[in-house]
Every structure is written in structure tokens, then in C-alpha cells.
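Observations on the three-dimensional arrangement
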Amino acid sequence: MTLRSRIVGTGSFLPEHISTNDDMAKIVETSDAWIVERTGIRVRHFADENTYTSTMAIKAAEEALKVAGMTGDDLDAIVLGTVTPDKTFPATAVYVQAALGMKHGCAFDVVAACSGFLYSLRAADNMIRLGQAKTVLVIGSEKVSKVTDFTDRNTCVLFGDGAGCVILKAGEGKGDVSDSGVLDTLIYSDGTYAPELCSTGGASTNHEVGFVSMNGREVFRHAAVNMADVSLEILEKNGISLSDVDWLVPHQANIRIIEATAKRLNVPMDRVICTVDQHANTSAASIPLALADGIKSGKLKKGQLLLLPGMGSGFTWGASLIRL
Ligand code: UT7
């Protein structure tokens, strides 16, 4: 018998306000044509002043709890991936814990930028596999607009706000890849690339929150290679061939990165969940938002095998294999 983390609920939240590429062109020197051609992004959602990272996480969590038929107190842990916390401390996850009425267990944040959901998923899955928790809420939530420099056209058109989550519940499996649930997650980082994509601020350096600073070309180059390589590694490790994968649910930063990853993996684009056109890059929220979108649209079905690769600041990258 092997303990598996089954997905018993997913949820998502996108702020009401939508900003089109034409709206962005009123703020910086850019155009709808440039943004669509270079990134595939058409619109992004921006949270208002009173909507925090925790607010969006709570909305997504409430949806997932409803789907799972649970209350907040059924959760043993909350793991929240974010680089845009409500406050420097405490963790944004504890605000979610309080709002959901969860009076036991633990809640903590994971800082891994666009790989934040994959890192959080691995932490949560490990807790379940070790018997330390039975039910864990895993969230990616970001208010990237708060760390976006709206005078920098190189970055401000790329990001959006939102939250997505899954609820994992311990279940018994056979221990092979026919099991449903999280089959495996690999995560990596290489800190020598930290300057290529980082915040210009920090509590212990300049006492500021800072803005996104990115060497776009360098990130692009690594993203396609790392996401494809870690995908191949996780498949080989688990004895799964690419033809067994039903859907690729990648991090949504740029349609060209997604296409390059799919091409390296030889996966046709009609087996790839793409939400970057509607959400832009929502950092840690991007993969769970795409997952929730795929489930809501009916594309992703029970029993199907999903491959979720991601890459972000750090550099961090990783992939998860999940059977729904
Ligand atoms: O999730 C991880 C986080 N981030 C990413 O994954 C993003 C990775 N990088 C990218 O997606 C792409 O590198 C970008 C979308 C950021 C840029 O696309 P690119 O094809 O690599 O463009 P580029 O950096 O080579 O810039 C081409 C030109 C430049 O002009 P010059 O120097 O050739 O005259 C830029 O100044 O496009 C210019 N440019 C813009 N023009 C209109 C940059 N941003 C804009 C803009 N509108 N918003």
C-alpha cells in the first residue's frame, strides 16, 4: 500500500478588473500587435486596492472546499506559494487559515516565484506520504501588479493577478503509475541565476518591496529548455512515455515558451492547456489557474495523466505528474 495525494477539489479566482493590451498601450509605449506576437497575452486581471493575495487565495480555497464537500476545519495544513505576500510577515497562509475557520494544523508560505505551486505541491504531497497530514490545501496566489513597474514596458505587459488551488486528500494506492493522485514532483533551483529575474527590493537589503527586474531573453532561453528537460526526467524516472500523457499543463508566462516546450517534448498543442492569453503570467498562481480552467472547461477528465512543468525566478523549476 502506498499513500497517495488525491485531488478532491480545485478552485480559482480572478479579480474582476480586466486590462486589455490596448489599455496597456495607454500606459507605456507598446501595442496589442507586439504583445500578442511576442507573448500571446491578450488580457490580464488586476486586483483592486482592497483585494490582497490572501483575499484571492481565500476565494479560490472556498470554491475548492465546496467542490470537495469540506469545511476549513477539515484541512490539516495550508501551503501557499507566493512572492507577493500581504505583509513581510506573517505568512499569507495564516490569514487564509483564519478566514477558513481552520483551528488546528499549520499554514505556511513557500517562496519559489513561478515555480511556487510546484514547490508547494511537493511539500504538501510529502506531508501526506509521510502520514503527517491527511488533507492539505495547496494554493498559488499572487498580486503581481503590486511589484510591477508600470513605467517599464519590458515587464509590465507580462503579468496579471489571480489565485488557484487544489485540495489534496490521502488515499491508498498500489504504488504504480496507474494510481490516481500526485505520482511524483521534481523541483530544482540554481541561485547563480537569481539576478536574471528578481525583485529590486527586500526587507533585509533596502527595506522596500521592489519591482520585477528581468532579463527576458535569458529567462526565455532557460525556461523552454528547463521545462522540457525536467519533464523528460520525471517521465523517465516513472517509466512513463510521452504518449501516455494526456495533457501538458505548463506554467503560463509566454505562448512562445509553451510552444517551444511542447515542441521539444513532441506534444501537439491540442494537448496543451493554454490560459496565458486570458491570464498573462500570474507567477505561482499560473499552473493551478490553468488546472482549474482545464477542469471547468471539461478538457481535463478523471483518470487522465497530466504533466505540469514550470520555471521561474531563482532560477527555480520543476514538474509534477498527476493522474486526476
Ligand atoms: O515565468 C518566468 C518569468 N518570465 C518569463 O518567462 C518571461 C520570459 N521572457 C519573455 O517572455 C520574452 O523574452 C519577452 C516577452 C520578455 C520579450 O520578448 P523577446 O522576443 O525576447 O523580445 P526582446 O527582449 O528581444 O525585445 C525585442 C524588442 C526590444 O527592442 P529593440 O531593443 O530590439 O529595439 C524591446 O525594447 O522589443 C522591445 N520591447 C517592446 N516593444 C513593444 C520590449 N517590450 C516591449 C513592449 N512593447 N511591451
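All values derive from a computational prediction rather than experimental measurement.

Definitions and cut-offs
- Residues numbered from 1 in each chain as written.
- Predicted model: local features only at pLDDT ≥ 70, side-chain atom pairs only at ≥ 80, totals over all residues.
- Heavy atoms only, no water.
- Helix = DSSP H or I, 4+ residues; strand = E, 2+ residues; numbered from the N terminus.
- Buried < 20%, exposed > 50% of the residue type's maximum accessible area, 1.4 Å probe, protein only.
- Contact = heavy atoms within 4.5 Å.
- Polar contact = N/O pair within 3.5 Å; in protein donor to acceptor, adjacent residues only side chain to side chain.
- Disulfide = S-S within 2.5 Å.
- Lys, Arg positive; Asp, Glu negative; His and termini not counted.
- Salt bridge = Lys/Arg side-chain N within 4 Å of Asp/Glu carboxyl O.
- 1 Å grid on protein atoms, 1.4 Å probe; cavity = no way out; pocket = protein on both sides within 12 Å on 5 of 7 lines; lining within 4 Å.
- Points joined across faces, edges and corners; volume = space filled by probe spheres on them.
- Nonpolar A, V, L, I, M, F, W, Y, C, P; charged D, E, K, R; others polar.
- Domains from an automatic or database assignment.
- Buried area = accessible area lost by both parts, 1.4 Å probe.
- Near = heavy atom within 4 Å.
- Areas by Shrake-Rupley, 256 points an atom, 1.4 Å probe, with all protein chains shown as cover.
- Sits in = over half its atoms within 2 Å of the grid points.
- Phe/Tyr/Trp six-rings, centres within 6.5 Å; stacked < 30°, edge-to-face > 60°.

Our next topic: the environment of H104. Looking at the secondary structure, you find H104 in the loop between α4 (92-99) and β5 (106-110). By relative accessible area, which is 30% here, H104 ends up partly exposed. Along the backbone, H104 and G160 are 56 residues apart, and their C-alpha atoms lie at a distance of 33 Å. The contact partners of H104, leaving out residues within four places of it in the chain, are D73, L75, D76 and Q97. Within the local environment of H104, its side chain forms a polar contact with the side chain of D73, the two groups lying 3.2 Å apart.

Attention now goes to the state of the cysteines. A complete count under the given rule lists zero disulfides for this structure. Not engaged in a disulfide, the cysteine C156 finds its nearest cysteine sulfur in C114; these two sulfurs lie 16 Å apart. C106 supplies the cysteine sulfur nearest to C165, a cysteine that is in no disulfide, at a spacing of 17 Å.

Within the secondary structure, R44 sits in strand β3 (residues 43-45). Look at R44: it is buried, it has no salt bridge, and the nearest opposite charge is D23 at 6.9 Å. Polar side-chain contacts of R44 include one of 2.9 Å to the side chain of N21.

This paragraph deals with the layout of surface pockets. Put simply, the largest pocket is a space of about 1,000 Å³. The wall of the largest pocket is formed by 37 residues, among which V83, T84, P85, V147 and V209 lie closest to the centre. Ranked by residue count, the leading element in the lining of the largest pocket is strand β9 (residues 197-199), at three residues. Among the residues making up the lining of the largest pocket, the classes are represented as 18 nonpolar, 12 polar and seven charged. Each of domain 1 (2-173) and domain 2 (181-323) accounts for three or more of the residues forming the lining of the largest pocket. Within the residue set of the lining of the second largest pocket, elements represented by two or more residues are α2 (32-39), α6 (153-156), α7 (216-237), α8 (255-265) and β12 (305-312). Here the lining of the second largest pocket is composed, by residue class, of 13 nonpolar, nine polar and five charged.

So, on to the domain arrangement of the protein. Assigned domains of the protein: these are domain 1 (2-173) and domain 2 (181-323). A separation of 14 Å is found between the C-alpha centroids of domain 1 and domain 2. Opposite the 53 residues of domain 1 that make contact, domain 2 presents 49 residues. Together, the buried faces of domain 1 and domain 2 total about 3,800 Å²; carbon and sulfur atoms form 65% of this surface. Ranking the residues of domain 1 by area buried against domain 2 places C114, L118 and Y119 at the top, with a combined share of 18%. For the pair domain 1 and domain 2, the interface holds one salt bridge.

The next thing to look at is the site of the ligand. The local shell around the ligand holds 23 residues, among which T30, R38, R217, H251 and N254 are the closest. Between R38 and the ligand, the recorded distance is 2.8 Å, taken from a side-chain N or O atom to an oxygen atom. For the ligand, whose unbound accessible area comes to 950 Å², protein coverage reaches 77%. Most atoms of the ligand, that is more than half of them, are within 2 Å of grid points of the second largest pocket. Counting only elements with at least two residues in the shell around the ligand, the list comes to α2, α6, α7 and α8. The greatest single-element share of the shell around the ligand, amounting to four residues, is contributed by α7.

One pass over the structure, following the stated rule, counts three aromatic pairs. When the centroid spacing of 6.0 Å and the interplanar angle of 35 degrees are considered together, the rings of Y188 and W317 count as tilted. One end of the pair, Y188, is in strand β8 (residues 181-189); the other, W317, is in strand β13 (residues 316-323), with 129 residues separating them in the sequence. An angle of 5 degrees between the planes, with centres 4.8 Å apart, marks the rings of Y193 and F315 as stacked. You can see Y193 sitting in the loop between β8 and β9 and its partner F315 sitting in the loop between β12 and β13, a full 122 residues away along the chain. On the basis of relative accessibility, which here comes to 25%, the residue Y193 falls in the partly exposed class.

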